[in-house]
Amino acid sequence: MNPLKKWRELRTWAPLRLAFLALFLAFLVSFPFWGSRYWVDVGFYVGLYALLGLGLNVILGEVGLFNLGHAAFWAIGAYATAILNARFGLPTLALLPVSALVAAGCAWIISSPIIHLRGDYLCIVTIALGEIVRLVLINNPGGLTGGPNGVVGIDRPVFLGHVIRTPMDFYFLVWALVALCAFGLRQLQRSRIGRAWNYIREDEIAAEAMGVDVRALKLLAFVLGAALAGIAGNIFAAKMRMVSPDSFTFLESCLMFCIVLLGGMGSIPGTILGAALVVLFPEILRPVAQYRLLFFGLALAATMYFRPGGLWPRRRAVEFLREAKS
Amino acid sequence: MRFVVLGLVLLALSAGAQPILIGFQGPLTGPWAVEGDWALKSVQIAVELVNARGGILGRPIQLVVEDDNGTPKGGTLAAQKLIAAGVKFVVGTYGSMVCMPSSELYEEEGVLHINYGCTRVDLSARGFKYYFRTSGRDDSQARFFVEYVIPLFGAKRIAVMHDNTAYALGVAEDVLRFMKPLLDEGKVELVYYDAIMPGERDYTPALTALRDANPDIWYYTGYYPEWALLLRQGKDLGLDWKKIKAVGSNACPISETVKIAGLDAVVGAMITQEPLPAFLVEKYPLAKEFVTAYEAKYGPIHDSPWATYAADAIFTLYFAIEATQSFDPAVVADYLRSGVVVGEGITGPLSFSPEGDRLGVPYMLLICNEAGETELFDPAVHGRLVGM
């Protein structure tokens, strides 16, 4: 039997994996019915950051592009929804794909000239991009973004006549999107594109030599990652019913970076786990009040020390192939 | 023996009085952590003072503190946490954009929310029932200038100067808005209204134009670096602050201005300022009590007006609940909305408009005396400095 085929079967149908997935899904779906409103809200933010993490995971995890300005795309998505809804009255939920497209379009324009940069150089440019976008929002271009005051008065999203307003509604909205995106990204991981991405991450020159269109694939990763951040931006704007520049600071970009590194580069379940940790740590540490960010930092450092590859690193096909052969 | 029995009875009484939970939401971490820390300490002092008076309706206050990280997201989580803790009254928070989403949650849950550090005008325009603020709004300062400072000097010819930054332009526009009735009736005349370019070194052309306009009073709504240069160069140009009353905004602290411009150019110049605790002690007994207790516990008092407003939110609750004899947020909210003065707090009489805005927000007119110190303006003492 073809070892690759065998590996696929092994991976996909392992009963333990399925049982675990079923258990996790059962927990996710039932949680709002027995968790308190506060914890459901926390669950919402886990989902939101999972969405952001999944977007960055495409860029950072799959292709290995150091992007420390991901909050910029989140901001663009959120402002697209806010401006189009509050100023032009378009329905919030219908703006979900629009936000994704606007963020993706901006990512394409912004990243085209810098896509050839490598490693820390790209990192520095993306930090600058994140800050530039935030400052542009503060400077209120054309009176659209409202300056430091932001945009307020965003309508609640309406889904088939049902107004999405309670923490539970938002919880299901965000986790439905996370599930959808996770499934799509998983399929992508196993496609030609996914393999080419990983090839670029491991050895860009070799990939180029083998005929992989490095530039186009890197751009695709940026655009796709930004689109996911744009979706997250739409939900965030709808949940807050206002957007302002101080939600999209450099710290947020760092947190997203942490999510991907904590979870394990290129690992979808790892990213969701990473998002859970980044949101849950500060909440669990509430009793230590003003020291909670200190402990948060310590916890992150400790995690990276004991699990340098991430908490749930992606298992590579190669290992399975080796197992299958022996 | 009798004392032991009395002690036991008191103990039983105090044990029987269930504490009333009051929530505090503030930025204990994040970019505004200093403000959050000051506000929390001030609120704790206020709670101690109320508890020392026997609590609210005999029930001691128990503070439930939640950090909102100074972000809108943190605000909603802190609000949910407080609501989950069963809190019916909340004091918080600093920053209008943090306040906005959390106040929506409080409104939905019927939690009385008193805001202390958010000045955005439209926060109170949302038709909320449970939203109040002890601080002023962005336009309070302009209103104070028009309704207090102009009549104080009997000024007829008004000059307004800004620097085109969002803040300064906002104040200048608000001045015009509040002055409009006076202008329409011809009681005052706007003889100068223009912007300077911040960051320049020579403001002589603007000052020459100002001199030619011959105003009674000149309000500069920008920041202190330019204000200091304007005062210095104006003095050198022969402008007299006894003839033209020079008033700066709250972004023009006198101590900093003196450092740049030199004392001789600044003597007699005034600024409009939110009430700082150091000046409130002279006016209100509660302020004195508060500052004394604060300094005994935490050392020198902070110079943040917002933290003081936070403490006043506790006193607002104390006065209002005592007056209504009710712990029902709806009853208390209706009472506060009626516009009555519920009591005299640290920052003066506490009363609210039907929208929940603080009425008669106390601003202060401060003046630079001959020694370069900042003092509360008093016509009897400082009149000669400004030619009254």
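Reading the values: the criteria
- Residue numbers restart at each chain and count upward from 1, following the sequence in its written direction.
- Each chain gets a letter, beginning with A, and each ligand a number, beginning with 1, in the order they are written.
- Under the rules for a predicted model, residues below a pLDDT of 70 receive no local features and side-chain atom pairs below 80 are neither given nor counted, while totals for whole chains, interfaces and linings still include all residues.
- In this description a helix means any DSSP run of H or I spanning at least four residues, a strand means any run of E spanning at least two, and both kinds are numbered starting from the N terminus.
- The exposure scheme places C-beta atoms from the backbone and then counts, for each residue, the other C-beta atoms within 10 Å of its own, assigning buried at 20 or more, exposed at 12 or fewer, and partly exposed in between.
- What counts as a contact is two residues whose backbone-derived C-beta atoms lie within 7 Å of each other.
- In this description the radius of gyration comes from C-alpha coordinates, and the expected globular size is given by 2.2 Å times residues to the power 0.38.
- The start and end points of each domain follow an automatic or database-based domain assignment.
- Here, a strand pair is defined by DSSP locating no fewer than two bridges between the strands.
- Here an axis means a line fitted to C-alpha atoms, over the contact stretch when the element is a helix, while the angle between two N-to-C directions is reported on a 0 to 180 degree scale.
- Joined through C-beta atoms within 7 Å, a set of buried Ala, Val, Leu, Ile, Met, Phe, Trp, Tyr and Cys residues constitutes a nonpolar core.
- Looking down the strands as they point away from you, a crossover is right-handed if its path from the first strand over the helix to the second goes clockwise.
- Should an angle lie under 35 degrees it is considered roughly parallel, over 145 roughly antiparallel, and from 65 to 115 roughly perpendicular; all remaining angles are considered oblique.
- By convention, the crossing between two helices is left-handed when the near helix turns anticlockwise from the far helix through less than a right angle, and right-handed when the turn is clockwise.
- Think of it as three bins: nonpolar holds Ala, Val, Leu, Ile, Met, Phe, Trp, Tyr, Cys and Pro, charged holds Asp, Glu, Lys and Arg, and polar takes everything else, Gly as well.
- To estimate the expected span of a helix, count its residues, drop one, and scale the result by 1.5 Å.
- Per-residue confidence from the predictor is reported as pLDDT, a score between 0 and 100.

Moving on, we get to the overall build of chain B. A count of helical and extended segments in chain B gives 15 helices and 14 strands. For chain B, the spread of C-alpha atoms along the three principal axes comes to 80 × 45 × 40 Å. Here chain B, with 388 residues, has 50% of them falling under the buried criterion. Sequence-distant contacts in chain B: of pairs separated by 6 or more residues, those separated by 24 or more amount to 69%.

A few words on the overall build of chain A. Check the secondary structure of chain A and you find 14 helices and 4 strands. The C-alpha atoms of chain A give 20 Å as radius of gyration, which agrees with the globular expectation for 326 residues (20 Å, within 12%). Its C-alpha atoms give chain A principal-axis dimensions of roughly 65 × 50 × 45 Å. Sorting the 326 residues of chain A into buried and exposed places 46% on the buried side.

Moving on, we get to the domain arrangement of chain B. Domain boundaries assigned for chain B yield domain 1 (2-136 + 282-350) and domain 2 (140-273 + 364-386). Between domain 1 of chain B and domain 2 of chain B, the C-alpha centre-to-centre distance is 35 Å.

Attention now goes to the sheet that holds strand 10 (residues 270-273) of chain B. All names here are of chain B. Judged by pairing direction, the sheet is mixed, and its 7 strands sit side by side in the order 7-6-8-9-10-13-14 without closing on themselves. Where the open sheet ends on each side, the last strands, each with one partner, are strand 7 (189-195) and strand 14 (374-376). Strand-to-strand twist of the sheet, defined as the mean angle between neighbouring strand axes without regard to direction, takes the value 25 degrees. Taken together, the 3 bridges between strand 13 (residues 364-368) and strand 14 define a ladder with antiparallel strand orientation. By the bridge assignment, I367 is partnered in strand 14 with E375.

Each partner contributes to the interface: chain A provides 22 residues, whereas chain B provides 21 residues. For the side of chain A that touches chain B, the secondary-structure elements that each account for two or more residues are helix 3 (37-62) and helix 13 (292-306) of chain A. Here the side of chain A that touches chain B gets 5 residues from one element, more than from any other, and that element is helix 3 of chain A.

Attention shifts here to the nonpolar core. Within the largest apolar cluster, 165 residues are counted, with the highest numbers of intra-cluster contacts made by L51, A103 and V174 of chain A together with I314 of chain B. Beyond its immediate stretch of four places on either side in the chain, A103 of chain A contacts F73, I76, G77, A226, A227, A229, G230 and G233 of chain A. Among the nonpolar cores identified, the runner-up in size contains 52 residues, and F145, Y220, M270 and I367 of chain B belong to it.

Here the focus is the environment of D334 of chain B. Within the element layout of this structure, D334 of chain B appears in helix 14 (residues 329-337). Along the chain, D334 of chain B and L190 of chain B lie 144 residues apart, while their C-alpha atoms are 41 Å from each other.

All names here are of chain B. Relative to strand 7, strand 6 (residues 157-162) is paired through 6 bridges, and the arrangement is parallel. Note on strand 7: the bridge partner recorded for V160 is Y193. Assessed by its sense of winding, the connection that carries the chain from strand 6 through helix 6 (residues 166-184) to strand 7 is right-handed.

This next bit is on the sheet that holds strand 3 (residues 89-91) of chain B. All names here are of chain B. The parallel open sheet is built from 5 strands, whose spatial order is 2-1-3-4-5. Each end of this open sheet is capped by a strand with a single partner; those strands are strand 2 (61-67) and strand 5 (131-133). Along the sheet, successive strands turn relative to each other by an average axial angle of 25 degrees, direction set aside. As paired elements, strand 1 (residues 20-26) and strand 2 share 7 bridges and run parallel to each other.

Attention now moves to the environment of M265 of chain A. All names here are of chain A. Among the secondary structure elements, M265 is positioned in the loop between helix 11 (250-263) and helix 12 (268-284). By the C-beta count within 10 Å, which is 19 here, M265 ends up partly exposed. For M265 and R201, which are 64 residues apart along the polypeptide, the C-alpha to C-alpha distance reads 11 Å. When neighbours within four sequence positions are excluded, M265 is seen to be in contact with L60, G61, V260 and G310.

It is worth spelling out the packing of helix 13 (residues 305-324) of chain B against helix 14 of chain B at this point. All names here are of chain B. Look at helix 13 against helix 14: their axes get within 10 Å of each other, and the N-to-C directions meet at 105 degrees. By the angle between their axes, helix 13 is roughly perpendicular relative to helix 14. Seen from helix 13, the contacting residues are A320, I321, A323 and T324; seen from helix 14, they are V331, V332, Y335 and L336.

Once that is clear, we can look at unusual backbone geometry. In terms of backbone geometry, most residues other than glycine have negative phi values and most peptide bonds are trans. Of note, the amide linkage connecting G92 of chain B to T93 of chain B takes the cis form, showing an omega dihedral of 5 degrees. Along the chain, T93 of chain B turns up in the loop between strand 3 and helix 4 (96-109). Positive phi, close to 55 degrees, is recorded for N140 of chain A, a residue that is not glycine. Despite not being glycine, R241 of chain A has its phi angle at roughly 60 degrees, a positive value. Note on placement: R241 of chain A falls in the loop between helix 10 (214-240) and strand 4 (242-243).

Turning next to the packing of helix 2 (residues 33-52) of chain B against helix 12 (residues 285-298) of chain B. All names here are of chain B. Orientation of helix 2 relative to helix 12, taken along the N-to-C sense of each, is 115 degrees, at an axis distance of 10 Å. Helix 12 is crossed by helix 2, and the crossing has right-handed handedness. Between helix 2 and helix 12, the contacting residues are K41, S42, I45, A46, E48 and L49 on the first element and E289, F290, A293, Y294, K297 and Y298 on the second. Broken down by class, the residue content of the contact of helix 2 with helix 12 amounts to 7 nonpolar, 1 polar and 4 charged.

All names here are of chain B. Position of G234 relative to the elements: it lies in helix 8 (residues 224-236). Residues G234 and V386, 152 residues apart in the sequence, show an inter-C-alpha distance of 15 Å. Ignoring any residue separated from it by four or fewer positions in sequence, one finds G234 in contact with L207 and L239.

Attention shifts here to helix 13 of chain B. Residues and elements named next belong to chain B. The end-to-end C-alpha separation of helix 13 is 28 Å, in line with the 28 Å expected for 20 residues at 1.5 Å each. In terms of burial, helix 13 is largely enclosed, as 17 of its 20 residues are buried. Following helix 13 by one or two positions, Q325 has its phi on the positive side, about 55 degrees.

In this section: helix 12 of chain A. Residue and element names in this part refer to chain A. With 17 residues, helix 12 ought to run about 24 Å at 1.5 Å a step, and its terminal C-alpha atoms sit 24 Å apart, in line with that. Of all 17 residues in helix 12, 12 are buried, a share of seventy percent or more. Among all positions of helix 12, only I268, G270, T271, I272, L273, G274, A275, A276, L277, V278, V279 and P282 are buried. If you follow the buried residues of helix 12, they end up packed against helix 3, helix 7 (167-189), helix 11 and helix 13.

This next bit is on the confidence of the model for chain B. Residue and element names in this part refer to chain B. Confidence in the prediction of chain B, expressed as mean pLDDT, is 89, and 96% of residues score 70 or more. Note on residues 5-12: pLDDT under 50 across the span, and 0 contacts to partners over four residues away in sequence or across chains. What the predictor reports for the complex is a pTM of 0.84 with an ipTM of 0.85.

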